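Listed below, chain by chain, are the residues.
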Amino acid sequence: MSRFADPQDPRFRAINTSIGFDYRLAPHDLDQSTAHARMLARVGILSDDELAQLERGLEEVRAEIADGRFVVKDDDEDIHMAVERRLTEIVGPVGGKLHTARSRNDQVATDVALFVHERAHVARQMLCQLMTLLADRAEEHVDWSMPGYTHLQRAQPVYLSHHLMAHFWRLRRDAQRFEFCAHQAQVMPLGSGALAGVNFETDRDGIAEELGFTSVAPNSLDAVSNRDFVLDYLSAAAICGTHLSQLGAELVLWSSEEFGFVELPDAFASGSSIMPQKKNPDAAELLRGKAPRIVGHLTALHGVLHALPLAYNKDLQEDKEHLFDTVDTLELALNAASGMVDGARFHRERLSQAASDEMLAATDVADLLVKRGMPFRQAHGVVAGLVRHSIDRGVALSDLSEDELAELAPSLDAGYYEVLAQSSWLESKVSAGGTGLERVREQLVLAREILQQQSTLTR
Ligand code: ARG
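Things to note about the overall build of the protein chain
Point 1. A tally of helices and strands in the protein chain yields 19 helices and 6 strands.
Point 2. The globule rule puts the C-alpha radius of gyration for 459 residues at 23 Å, and the 30 Å found for the protein chain is more than 25% above it.
Point 3. The principal-axis extents of the C-alpha atoms in the protein chain amount to approximately 105 × 55 × 40 Å.
Point 4. Out of the 459 residues belonging to the protein chain, those deemed buried represent 49%.
Point 5. Within the protein chain, contacts between residues separated by at least 24 positions form 76% of all contacts whose residues are at least 6 apart in sequence.

This is the structure:
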């Protein structure tokens with residue numbers, strides 16, 4: 001019997017169905033159903049024999065899905081109904097007992113939580129891989145000088161290692177965000193029923209333990225409607241995507257003829273269909289280009305959840321495509337970033353040539369005046385005058401004569417010429433977190449400790 005007098009309109013089916021995308025949750029749905037069936041047997045709702053039949057049937061469904069033999073039927077609205085329908089075909093009417101003390105509302109929330117937990121862990125592993133490569137490359141190029149930029153204008157020289165490690169620390173924060181997200185997805189919704197709980201004394205803690213959750217949701221209304229852990233994943237992914245776009249953008253610039261700081265691996269570049277000389281940094285460009293789509297998914301899910309009344313609403317079905325595309329996009333981007341960082345070859349000459357512009361020492365000259373007692377603001381003005389004068393004369397700062405100095409900056413002494421010797425510019429940055437070599441080495445030690453801790457995390 002059905003409550004409905006009329007069959008579903010195909011147009012209703014078309015908008016209502018989710019099997020086309022939630023099929024991907026099948027492994028988690030099967031894990032969950034198996035744990036649920038065991039719990040039902042533990043509390044005496046199913047007999048041992050019924051449990052054995054259900055376990056056998058669920059294993060058979062799992063095998064069919066794993067090797068692509070599973071056939072989706074027209075009536076399979078979503079993965080949960082498809083699994084139950086096939087299970088019942090295999091084991092007979094006992095299959096219908098699986099849904100005792102469970103609703104699709106707590107079921108789907110549980111599947112999504114399991115999925116998010118798994119992918120947050122994968123994101124952390126991939127981030128660790130990329131961070132390790134950045135630290136490796138930083139160590140290999142620890143004392144290579146290059147210009148540091150503000151406004152994309154040469155500002156002060158830094159070590160390439162320092163620059164690479166800047167990306168490391170951004171990604172480190174991303175890894176922490178995914179850790180938080182994994183944590184949020186470890187509260188089990190299952191056992192909340194449709195919205196109010198179920199009419200049986202169930203053993204939620206036992207299922208939670210079997211599925212790897214650390215606790216059970218304390219409020220059934222919240223449990224079936226909570227998608228915060230999806231927002232957490234999308235937020236972490238959006239920020240991480242932004243970071244990867246920034247890394248990608250630099251690789252695009254640096255690999256251009258104009259900069260010539262880096263050569264990307266051939267395996268991560270494409271040619272042009274018309275210009276034979278071209279080597280295009282496509283993957284780095286796509287790190288830029290793909291990032292906003294994750295932000296779009298995050299924005300969309302905020303829209304879906306906005307002002308939604310408690311508890312389950314079908315709107316929530318819209319969480320999945322945003323989540324799945326984000327996972328796919330982020331994992332693609334992280335892998336490609338690792339490949340490029342791993343294979344990048346830096347050009348020492350070009351980097352140090354660009355960093356040897358004496359103008360980059362202007363702040364150091366001002367600081368010299370400060371050390372001789374002049375207020376920094378005034379020193380800034382004096383050095384600006386020197387810079388202007390040397391540009392007007394078309395000579396380098398170090399080519400200014402002592403007479404010129406005496407006239408333009410009477411408080412400057414011969415220390416001026418020493419400060420302009422390139423080697424001192426970087427090593428004078430002795431402050432904690434600065435680019436001085438000792439400080440970079442400190443960062444690297446800290447980075448290795450963090451990576452070591454991360455590698456011991458299993459989930
Ligand atoms: N496919 C649904 C979803 O993804 C499963 C839950 C259906 N629940 C319901 N009350 N119709 O949200």
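Now that the structure has been shown, the text picks up again.
Brief notes about the pattern of salt bridges
Point 1. With the rule as written, the count across this model stands at 38 salt bridges.
Point 2. Here Arg11 ties to Asp9 by a salt bridge, and the two come within 2.8 Å at their closest N and O atoms.
Point 3. Residue Arg154 pairs with Asp357 through a salt bridge whose shortest N-O separation is 3.8 Å. A residue pair is termed long-range when its members are at least 10 positions apart, and Arg154 in strand S2 (residues 153–159) and Asp357 in the loop between helix H13 (348–355) and helix H14 (362–371) qualify at 203 residues.

What about helix H4 (residues 48–66)?
Point 1. The terminal C-alpha atoms of H4, which comprises 19 residues, lie 27 Å apart, in line with the 27 Å expected from a rise of 1.5 Å per residue.
Point 2. Every buried residue belonging to H4 is among Glu50, Leu51, Leu54, Gly57, Leu58, Val61, Glu64 and Ile65, and all of these are buried. All buried residues of H4 lie within an arc of 150° about the axis, which places them on one face of the element. Among the exposed residues of H4, those oriented more than 90 degrees off its buried face are Asp48, Asp49 and Ala66.
Point 3. Structurally, H4 contributes buried residues whose contacts are with helix H3 (26–42) and helix H5 (79–91).
Point 4. Downstream of H4 by a residue or two, Gly68 has a phi angle that is positive, lying close to 75°.

Comments concerning the packing of aromatic side chains
Point 1. One pass over the structure, following the stated rule, counts 8 aromatic pairs.
Point 2. On the basis of an interplanar angle of 70° and a centroid distance of 5.7 Å, the ring pair of Trp254 and Phe261 is categorised as edge-to-face.
Point 3. Given the relative accessible area of 3%, Phe261 is considered buried.
Point 4. Among the aromatic residues, those joined into a cluster by ring pairs are Tyr149, Trp254, Phe259 and Phe261.
Point 5. Above the face of the Phe4 ring, Arg3 is positioned so that its terminal group lies 5.4 Å from the ring centre.

Each value, and the rule that gives it
Residues numbered from 1 in each chain as written. Predicted model: local features only at pLDDT ≥ 70, side-chain atom pairs only at ≥ 80, totals over all residues. Heavy atoms only, no water. Helix = DSSP H or I, 4+ residues; strand = E, 2+ residues; numbered from the N terminus. Rg over C-alpha atoms; globule rule 2.2 N^0.38 Å. Buried < 20%, exposed > 50% of the residue type's maximum accessible area, 1.4 Å probe, protein only. Contact = heavy atoms within 4.5 Å. Salt bridge = Lys/Arg side-chain N within 4 Å of Asp/Glu carboxyl O. Expected span 1.5 Å × (residues − 1). Arc of directions from axis to C-beta. Phe/Tyr/Trp six-rings, centres within 6.5 Å; stacked < 30°, edge-to-face > 60°. Lys NZ or Arg CZ within 6 Å of the ring centre and 35° of its normal.

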